[in-house]
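# Structural features, examined
If you want the building blocks of each chain, they are given just below.
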Amino acid sequence: MLEVRNVNLYLKNAGEELHVLRNVSFALQPGEVVSVVGPSGSGKSSLLMVLAGLEKATSGSILIDGTDIVGLDEDRLAVFRRDNFGILFQNFHLIPSMTALENVAFTLEIADPSRPYGSIRQAAQDALVAVGLGDRAKHLPSALSGGEQQRVGLARAIVGEPRILLADEPTGNLDQTTGGGVIERMFALARVEGTAILLITHDLQLAARADRTLSMNQGSLHETPPAIQGVTV
Ligand SMILES: Nc1ncnc2c1ncn2[C@@H]1O[C@H](COP(=O)(O)OP(=O)(O)O)[C@@H](O)[C@H]1O
Ligand SMILES: [Mg+2]
């Protein structure tokens, strides 16, 4: 479903060229949960941005059902992103002037402007209930805790029933109980809906629950042998 081949990403930083992703290759199948671990600054968030087409790979290919998104123009890329990806960003990216419900609903409005708002509102409310925020629908992001904002981010990522969910540190701001709920919800998506999930996390226990774990180190991504899972990073 998703196949990444020899992806390189160079970024300019203060005049210096930085080799952020080095020959990254891996595949993701429907219903599969793959975790990505690795030190801060190793390129995990950059990988997510490249996969979602929000950052253009310098070379290599990212195939979704055979179409290479690296070569697509912005318009076609936007359609591909909308039809395939749900993205939970490391720092949420909620729109400050919109309520929790509006933030979630907005994704669906863009995806299908002809869909009646009542049905959009219901789907957004259901997604908020699913992440335990049914009673926070009318709150602005500024009136929500970090963990609650993260859950709004998750509701927004899953409301469109994406085929591929990209999640960057989804439990980073959550206490264990809340984080556990969010994670159960994500794993259920993979099992029940066949959503493919790429899960970036610092939590090695959580990483080990995935079907496979990949380790990012200085821009290189490697399969982690099960025997040493838990001692890398
Ligand atoms: N927009 C950017 N411009 C230049 N360098 C960047 C940019 N974003 C990230 N980097 C650099 O790329 C490297 C990888 O960062 P990142 O992908 O955020 O790592 P991680 O998510 O694993 O902590 C870091 O050295 C970081 O400083
Ligand atoms: Mg990061």
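For the structure itself, consult the block above.
Residues numbered from 1 in each chain as written. Chains lettered and ligands numbered in written order. Predicted model: local features only at pLDDT ≥ 70, side-chain atom pairs only at ≥ 80, totals over all residues. Heavy atoms only, no water.

### Overview of the coordination of the magnesium ion (ligand 2)
Ligation of the magnesium ion (ligand 2) by protein atoms is provided by Ser45 (OG) and Gln90 (OE1), these donors lying 2.1 to 2.4 Å from the ion. With Ser45 in helix H1 (residues 44–51) and Gln90 in the loop between strand E6 (85–88) and helix H3 (100–111), this residue pair connects regions lying 45 residues apart in the sequence. Overall, Ser45 belongs to the partly exposed group, its relative accessible area being 27%. Of the residues examined, Gln90 reaches a relative accessible area of 39% and is grouped as partly exposed. (Donors = N, O, S within 2.8 Å, 3.2 Å for Na, K, Ca; no water. Helix = DSSP H or I, 4+ residues; strand = E, 2+ residues; numbered from the N terminus. Buried < 20%, exposed > 50% of the residue type's maximum accessible area, 1.4 Å probe, protein only.)

### A closer look at the sheet that holds strand E10 (residues 220–223)
Taken together, the 6 strands give an open sheet; going across it, the order is E6-E7-E8-E3-E9-E10, and neighbouring strands pair in mixed fashion. Only two strands of the sheet have a single neighbouring strand rather than two, namely E6 and E10. Taken pair by pair, the neighbouring strands of this sheet meet at an average axis angle of 20°, ignoring direction. Where strand E3 (residues 33–37) and strand E9 (residues 212–217) come together, 4 bridges link them in parallel fashion. Bridging across to E9, Val36 finds its partner in Leu214. The strands that helix H2 (residues 74–84) touches are E6 and strand E7 (164–168); relative to E6, the one it contacts most, it runs at about 80°. (Pairing = 2+ DSSP bridges. Axes fitted to C-alpha atoms, helices over the stretch in contact; angles between N-to-C directions. Contact = heavy atoms within 4.5 Å.)

### A word on the sheet that holds strand E2 (residues 16–28)
The strand order across the open sheet formed by 4 strands is E2-E1-E4-E5, and the pairing between neighbours is antiparallel. Each edge of the sheet is formed by a strand with only one pairing partner; in this case those strands are E2 and strand E5 (67–68). Of the pairings in the sheet, the one linking strand E1 (residues 2–13) to E2 comprises 9 bridges and is antiparallel in character. Counted as the bridge partner of Leu2 is Leu28 from E2.

### Quick look at the packing of H3 against helix H4 (residues 117–130)
For the pair H3 and H4, the least separation of the axes is 9 Å and the interaxial angle reads 125°. On the basis of their axis angle, the class for H3 and H4 is oblique. When the axes of H3 and H4 are compared, the crossing they make is right-handed. Contact residues: Ala100, Leu101, Val104, Ala105, Leu108 and Glu109 in H3; Tyr117, Ile120, Arg121, Ala123, Ala124, Gln125, Ala127 and Leu128 in H4. Of the residues that constitute the contact of H3 with H4, the class distribution is 11 nonpolar, 1 polar and 2 charged. (Parallel < 35°, antiparallel > 145°, perpendicular 65-115°, else oblique. Left-handed = near helix turned anticlockwise from the far one by under 90°. Nonpolar A, V, L, I, M, F, W, Y, C, P; charged D, E, K, R; others polar.)

### Description of the layout of surface pockets
The gaps left among the atoms become clear once a water-sized probe is rolled over them. Of the voids in this model, the largest pocket is the one considered here, and its volume is about 700 Å³. Along its surface, the largest pocket is lined by 25 residues, and Arg81, Arg82, Phe85, Thr107 and Arg156 are the ones closest to its centre. When contributions to the lining of the largest pocket are tallied by element, the ones reaching two or more residues are H2, E6, H3 and helix H5 (146–158). The element best represented in the lining of the largest pocket is H3, accounting for 6 residues. Considering only residue class, the lining of the largest pocket consists of 14 nonpolar, 5 polar and 6 charged. In this structure, the second largest pocket encloses a volume near 270 Å³. (1 Å grid on protein atoms, 1.4 Å probe; cavity = no way out; pocket = protein on both sides within 12 Å on 5 of 7 lines; lining within 4 Å. Points joined across faces, edges and corners; volume = space filled by probe spheres on them.)

### Section: the pairing of E1
In sequence, E1 turns back onto E2 through a hairpin of 2 residues, with Ala14 there showing a positive phi of about 50°. Strand direction decides the pairing type here: E1 and strand E4 (residues 59–64), joined by 5 bridges, are antiparallel. Note that in E4 the partner of Val4 across the bridge is Ile62.

### Observations regarding the packing of H3 against H5
Viewed as axis vectors pointing N to C, H3 and H5 meet at an angle of 25°, and their least axial separation amounts to 8 Å. By the angle class used here, H3 and H5 are roughly parallel. Judged by the sense of rotation from one axis to the other, the crossing of H3 with H5 is right-handed. In this structure, H3 uses Ala100, Asn103, Val104 and Thr107 to contact H5, whose residues at the interface are Val152, Ala155 and Arg156.

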